[in-house]
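Understanding the architecture of this molecule
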Amino acid sequence: MKSIVIVLLAFAFPCTALSEEIDFAHQIVPLLKKQCGNCHSGTQKEGGFSLNTREALLAGGESGLAVIPRKADQGELIARVTTDDEFTRMPPEGDPLTEEQIRLLKRWIESGVSWEPGFTFGEKIYEPPLKPRRPELPPVVAGRTNPIDRILDAQLAQQGTSPLEPLDDEAFLRRVYLDLIGLLPTPDEREAFLQDSHSDKRAKLVRELLDRDVDYAEHWLTFWNDLLRNDYAGTGFITGGRKQISSWLYEALVANKPYDQFTRELIAPPTSESAGFGQGIKWRGEVSAAQTVEIQFAQNVGQSFLGINLKCASCHDSFIDRWKLKDAYGLAAIYSNRSLELHRCDKPNGQMAEASWLFPELGQVDASAPQPKRLQQLADLMTHRENGRFTRTIVNRLWHRMMGRGIVHPTDAMQSPPWNADLLDFLAEHLVESDYDLKQTLLLIATSQAYQTQAESVTQQADPSSYQYAGPRSKRMTAEQFIDCVWQVTDTSPEGFDAPVIRGNRSTGAAPQVTVAGQWIWNQADVSQAAAGETITLRKQFTLEETPSDAFALVTCDNEYTLYVNGKKLASGNNWMKPDLVRLTSLKKGVNELLVVAKNAGSGPNAAGLFLEARLADHVIATDETWQWTTQVPNNAGKFKTQPDNWQPAAVTKTQAVWMGRLRPVMAQMLAQAVDGQRYMVRASLLKSDFLMRSLGRPNRDQVVSVRPLELTTLEAIDLSNGETLAKTLRQGAQHLSQREWESPQQFVTWLYQFTLSREPTATELTTLAGALGPEMSTEAMEDVLWAVFMLPEFQLVH
């Protein structure tokens, strides 16, 4: 059966061979500009041939086609630069091209004549508007009142395109689940939706999915980790040259933080939790001038929030757009705490950078201000009401994620013209009017008839330069989506996860049902006159029969604490009015120890106390009189020079009401969040990348990534066919499913199709797979059937 599916995959997905990538901006542009530009660029068009744009290049001239993509030996360009005829050889003056230059041109042509979007050898003809604009909406057609439909109906009419075919309920259901929360609708959810006869059921479903805050956050975490180059392991983390923003990002997504505030906190971090984005990666050893932390800041801010590529301009004046070396260094200088000398192609040029913003029409930063002030000014300018490029960039990214192609495409080429400026501008203004609520943009898109139409095949429009809107495009599942869906169907999601986050939603409304069990303790009951600076160590030892899959503790101390679990430092804090939720990641089977170094503060005697409540699956471990204390204090690694022999029972303090009167509601809310998080399936977005995820396209995230590859690679096809990670998951899944009661093989196949594809199997599919299962429905047969279905393009595509 596997061999059949592999053959099908070969036709369903084009495989890409590994080859050295052509750098258009740095290899091709300089060569063509030097050797051909004098006669064939700008206003010069000798022989009717211009290479100003890719379209002009492919059009050729009086002598015929200059370049035929993937057929290097058939165009006039290669013929003219390789001929021995001095009268027709190009260039007509100077030395001929070297063999290396000719090989480079041939490789470029054979690879498809790649071209940077928006680049021209001639005069730039398009500059995106800066200011926002609210377009006038066209008239309503056929009762389609959604503003997106009004705009696109007008475009379809202008193109002379017939109305697009609507999507049926089953296909819509699967598409919207995968797009908004990254999971499949269960067979029960599918049945409930299909049986619902209300006319507004689709809009209602979209709202329900967006309200599933944790599912939404853990799906979109993949998108934002890529875009903000955040991860849980990899380059820079071991050496301390990189810091995660995982906890801040997770909470921002669960709480649906407004996008303008979200961006301001990344550019000008109010706390260290969001500082990792700006800090970038401090590479070991010597690095090029274009990879210093300050230049990374400029590149990342420009790309993530404005869709501007400053990588070229970080080395030299850009060949592909208007950005200059001084622009990139000016943005970098806003972040820098040192003087920055401009480097052109890694060589200093004697000029010093001055902190400056890319669009002075909106205002400018004070270059003489201290760094935190400059960053705050930059954050304000980025999110300025008149900065339409900021809002256009993010709504374009969301449109791409939902519809399969950007309004400006690629999404990091925002210097390029959109295929519908009214649509882009309307979505940008709608976001502002919705108080920068990204869910409102997703709601508007998902409830439009444009979204709810059948997907076009990408082969219908092979040439991206001639794109005409024809509906949404099918999208490949991300690595995380594919793995999540396999786990969901087979019930094989892992118990633990790597992201340093507390899962769940603090606003669940479950706080009143949560009992706070912990009590404030110290070395004596009357702590009202505890000495200032008094430091003690408190501990709790306990035995676990199994390592818990997930555990957390709520901890605070009046005034300072450091928490160690089995000798590993996990947290510290110095504000008793802001308790911390801490994941207990170093628990083990057998004897465990919670150790807390607690310190009183102040200039004179004052109250002191420690509170801790840990939830370990079915266990609750809370501070009470069973804890012990000593005056001995461990070192920074949580180790004692000599083991204390004077442990004494801790005392529950007499001043509980003082602290709990202020903190009990907050504590109950935080505990409710963490308890809520334990009921969700662990998602792939919370795990470190593994071989399977990497082969499926998950990036290393040491660079900003806004779009993942569309094509299936040879490595991916091999890993899906023979990789041990997926094979092990399918074996476990088959074992789980074989333990359920199935009336017949037909029932199992029907359930599987309803779950994976949101449809009933055809008669042929039902007969074929039921026959493969056989009446015994062995675990091995189930594993084969699972693999066959998961390998279907219909499963791996969102369409």
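This model, assessed by the stated rule, comprises 32 aromatic pairs. Aromatic side chains tryptophan 248 and phenylalanine 262 sit 5.0 Å apart centroid to centroid with 40° between the ring planes, which places their arrangement in the tilted category. In this pair, tryptophan 248 is assigned in helix H12 (residues 246-254) and phenylalanine 262 in helix H13 (residues 259-267), connecting sequence segments 14 residues apart. One exposure class covers both tryptophan 248 and phenylalanine 262, and it is buried. Taken together, the ring pairs connect Tyr216, Trp220, Phe223, Trp224, Trp248, Tyr259, Phe262 and Phe390 into an aromatic cluster. The ring of phenylalanine 497 is capped by arginine 503, whose NZ or CZ atom sits 5.6 Å from the centre of that ring. Over the aromatic face of phenylalanine 497 sits the side chain of arginine 583, whose NZ or CZ is 3.6 Å from the ring centroid.

Enumeration over the complete set of coordinates arrives at 43 salt bridges. A salt bridge links lysine 201 to aspartate 169; its shortest N-O distance comes to 2.8 Å. Placement of lysine 201 in helix H10 (residues 201-211) and of aspartate 169 in helix H8 (residues 169-180) is noted, with a sequence separation of 32 residues between them. Classification of lysine 201 by relative accessible area gives buried; the value is 9%. Classification of aspartate 169 as partly exposed rests on a relative accessible area of 22%. Here aspartate 484 makes a salt bridge to arginine 683, at a shortest N to O gap of 2.7 Å. Pair noted here: aspartate 484 is in helix H21 (residues 479-490) and arginine 683 is in the loop between helix H22 (656-677) and helix H23 (691-695), with a separation of 199 residues, a long-range link. Take aspartate 484 and arginine 683: they sit in the same class, and that class is buried.

What follows concerns the packing of helix H11 (residues 213-227) against helix H18 (residues 388-403). Between H11 and H18, the least distance of the axes is 13 Å, while the angle of their chain directions is 130°. By the criterion of interaxial angle, the relationship of H11 to H18 is oblique. As H11 packs across H18, the resulting crossing turns out to be right-handed. For the pair formed by H11 and H18, the contact residues are Trp220, Phe223, Trp224 and Leu227 on the first element and Ile394, Arg397, Leu398 and Arg401 on the second. Here the contact of H11 with H18 is composed, by residue class, of six nonpolar, no polar and two charged.

Taken N-terminus to C-terminus, the directions of H21 and helix H25 (residues 724-738) make an angle of 25°; their axes are 9 Å apart at the nearest point. The orientation of H21 with respect to H25, classified from their angle, is roughly parallel. Facing H21, whose interface residues are Phe482, Val486, Trp487, Val489 and Thr490, H25 presents Leu726, Thr729, Leu730, Gly733, His736 and Leu737. Of the residues that constitute the contact of H21 with H25, the class distribution is seven nonpolar, four polar and no charged.

Take the pairing of strand S13 (residues 619-622) next. As paired strands, strand S12 (residues 609-616) and S13 are joined by four bridges and run antiparallel to one another. Bridge assignment links glutamate 613 to a residue of S13, and that residue is alanine 622. In this antiparallel pair of consecutive strands, S12 and S13, the connection spans two residues, and alanine 617 shows a positive phi of 55°.

To continue, consider the pairing of strand S7 (residues 551-558). Taken residue by residue, a regular strand's side chains alternate between the two faces of the sheet. The buried fraction of S7 is high, at eight of eight residues. The sheet contact formed by S7 and S12 spans eight bridges and is antiparallel. Note on S12: the bridge partner recorded for leucine 554 is glutamate 613. Pairing analysis gives four bridges linking S7 to strand S10 (residues 580-583), with the strands arranged antiparallel. Paired with phenylalanine 552 across the bridge in S10 is arginine 583.

Taken as a whole, this structure holds zero disulfides when the rule is applied. Cysteine 315 forms no disulfide, and the closest cysteine sulfur to it belongs to cysteine 345, at a distance of 4.0 Å.

Attention now moves to helix H7 (residues 147-159). Its 13 residues place the ends of H7 19 Å apart at the C-alpha level, agreeing with the 18 Å of an ideal helix rising 1.5 Å per residue. Burial in H7 covers these residues: Pro147, Ile148, Asp149, Ile151, Leu152, Asp153, Gln155 and Leu156. The secondary structure elements touched by the buried residues of H7 are H18, helix H19 (421-433) and helix H20 (438-446).

A separate point is the sheet that holds strand S15 (residues 648-649). Across the sheet, six strands lie side by side as S9-S8-S11-S6-S14-S15; this open sheet has antiparallel pairing. A strand with exactly one partner marks an edge of an open sheet, and here the two such strands are strand S9 (568-573) and S15. In terms of strand pairing, strand S14 (residues 628-630) meets S15 through two bridges, oriented antiparallel. Among the inter-strand pairings, glutamine 628 is bridged to a residue of S15, identified as proline 649.

This brings us to the side chain of arginine 759. Structurally, arginine 759 can be placed in the loop between helix H26 (745-756) and helix H27 (763-773). Within the local environment of arginine 759, its side chain forms a polar contact with the side chain of glutamate 765, the two groups lying 3.0 Å apart.

Before going further, it helps to spend a moment on the nonpolar core. Counting residues in each nonpolar core, the largest one holds 152 residues, and the members touching the most others are Val176, Trp224, Phe305, Trp399, Phe482 and Phe748. Residues contacting tryptophan 224, with those up to four places away along its chain left out, are Arg229, Leu249, Leu253, Tyr259, Phe262, Ile394 and Leu438. Counting residues in each nonpolar core, the second largest holds 49 residues, with Ile521, Leu554, Leu563 and Leu663 among its members.

Cis peptide bonds are those with omega within 30 degrees of zero, and the linkage from methionine 90 to proline 91 qualifies with 0°. By the element assignment, proline 91 lies in the loop between helix H5 (76-82) and helix H6 (99-110). Residue proline 410 is reached from histidine 409 by a cis peptide bond, and omega for that bond is 0°. One non-glycine residue, arginine 70, lies in the positive phi region at around 70°. Mapping arginine 70 onto the fold places it in the loop between helix H4 (54-59) and H5. Of note in the backbone geometry, aspartate 346 takes a positive phi value of approximately 75° without being a glycine.

Right, let's get into H19. Look at H19: 18 Å from first C-alpha to last across 13 residues, which is about the 18 Å you get at 1.5 Å a residue. With respect to burial, H19 is a largely interior element, ten of its 13 residues being buried. For H19, every residue scored as buried is listed here: Leu423, Leu424, Asp425, Phe426, Leu427, Ala428, Glu429, His430, Leu431 and Val432. Where H19 is buried, its residues touch H7, H18 and H20. Sitting at the amino-terminal end of H19 is asparagine 420, which places a side-chain oxygen 3.2 Å from the backbone nitrogen of aspartate 422.

All right, on to the environment of glutamine 648 then. For glutamine 648, the position within the fold is in strand S15. Taking the C-alpha atoms as reference, glutamine 648 lies 65 Å from glutamate 170; in sequence the two are 478 residues apart. Excluding residues that lie within four positions of it along the chain, glutamine 648 makes contacts with Trp627, Gln628 and Trp629.

What follows deals with the confidence of the model for the protein. The pLDDT averaged across the protein works out to 91; a share of 95% of its residues lies at or above 70. Ignoring residues within four places in sequence, the model shows residues 1-19, a span with pLDDT below 50, making 27 contacts including any to other chains.

The rules behind each value
- Position numbers for residues start from 1 in each chain and track the written sequence from start to end.
- Local features in this predicted model are restricted to residues of pLDDT 70 or higher, and side-chain atom pairs are both shown and tallied only at a pLDDT of 80 or more, whereas totals for entire chains, interfaces and linings draw on every residue.
- Hydrogens and water are ignored here; the side-chain numbers use all heavy atoms of the structure.
- Each aromatic pair joins two rings of Phe, Tyr and Trp (for Trp, the six-membered one) with centres within 6.5 Å, and gets the label stacked for planes under 30 degrees apart, edge-to-face for over 60, and tilted for any other angle.
- What counts as a helix is a DSSP run of H or I of at least four residues, what counts as a strand is a run of E of at least two, and both are numbered from the N terminus.
- In this scheme, a residue with accessible area under 20% of its type's maximum is buried, one over 50% is exposed, and one in between is partly exposed, where area comes from a 1.4 Å probe on protein chains only.
- Here, a charge over a ring means that NZ of Lys or CZ of Arg falls within 6 Å of the ring centre while also lying within 35 degrees of the ring normal.
- Any carboxyl oxygen of Asp or Glu that lies within 4 Å of a side-chain nitrogen of Lys or Arg is treated as forming a salt bridge with it.
- For helices, the fitted axis covers only the stretch in contact; all axes are lines through C-alpha atoms, and the angles between them, taken along N-to-C directions, range from 0 to 180 degrees.
- Roughly parallel here means an angle under 35 degrees, roughly antiparallel means over 145, roughly perpendicular means 65 to 115, and every remaining angle is called oblique.
- For a crossing to be left-handed, the near helix must be turned anticlockwise from the far one by less than a right angle; the clockwise case is right-handed.
- In what follows, residue pairs with any heavy atoms lying within 4.5 Å of each other are defined as contacts.
- We call Asp, Glu, Lys and Arg charged. Ala, Val, Leu, Ile, Met, Phe, Trp, Tyr, Cys and Pro are nonpolar, and the rest, Gly among them, are polar.
- In this description, strands pair whenever DSSP reports at least two bridges between them.
- We call a pair of cysteine sulfur atoms a disulfide whenever their separation is within 2.5 Å.
- To estimate how far a helix should reach, multiply one less than its number of residues by 1.5 Å.
- Here a polar contact means two N or O atoms within 3.5 Å. Within protein one must be a hydrogen donor candidate and the other an acceptor candidate, and residues neighboring in sequence count only if both atoms are side-chain atoms.
- Joining through side-chain atoms within 4.5 Å is the link that ties buried Ala, Val, Leu, Ile, Met, Phe, Trp, Tyr and Cys residues into a set, and such a set is a nonpolar core.
- By definition, pLDDT measures how confident the predictor is in each residue, and it falls between 0 and 100.

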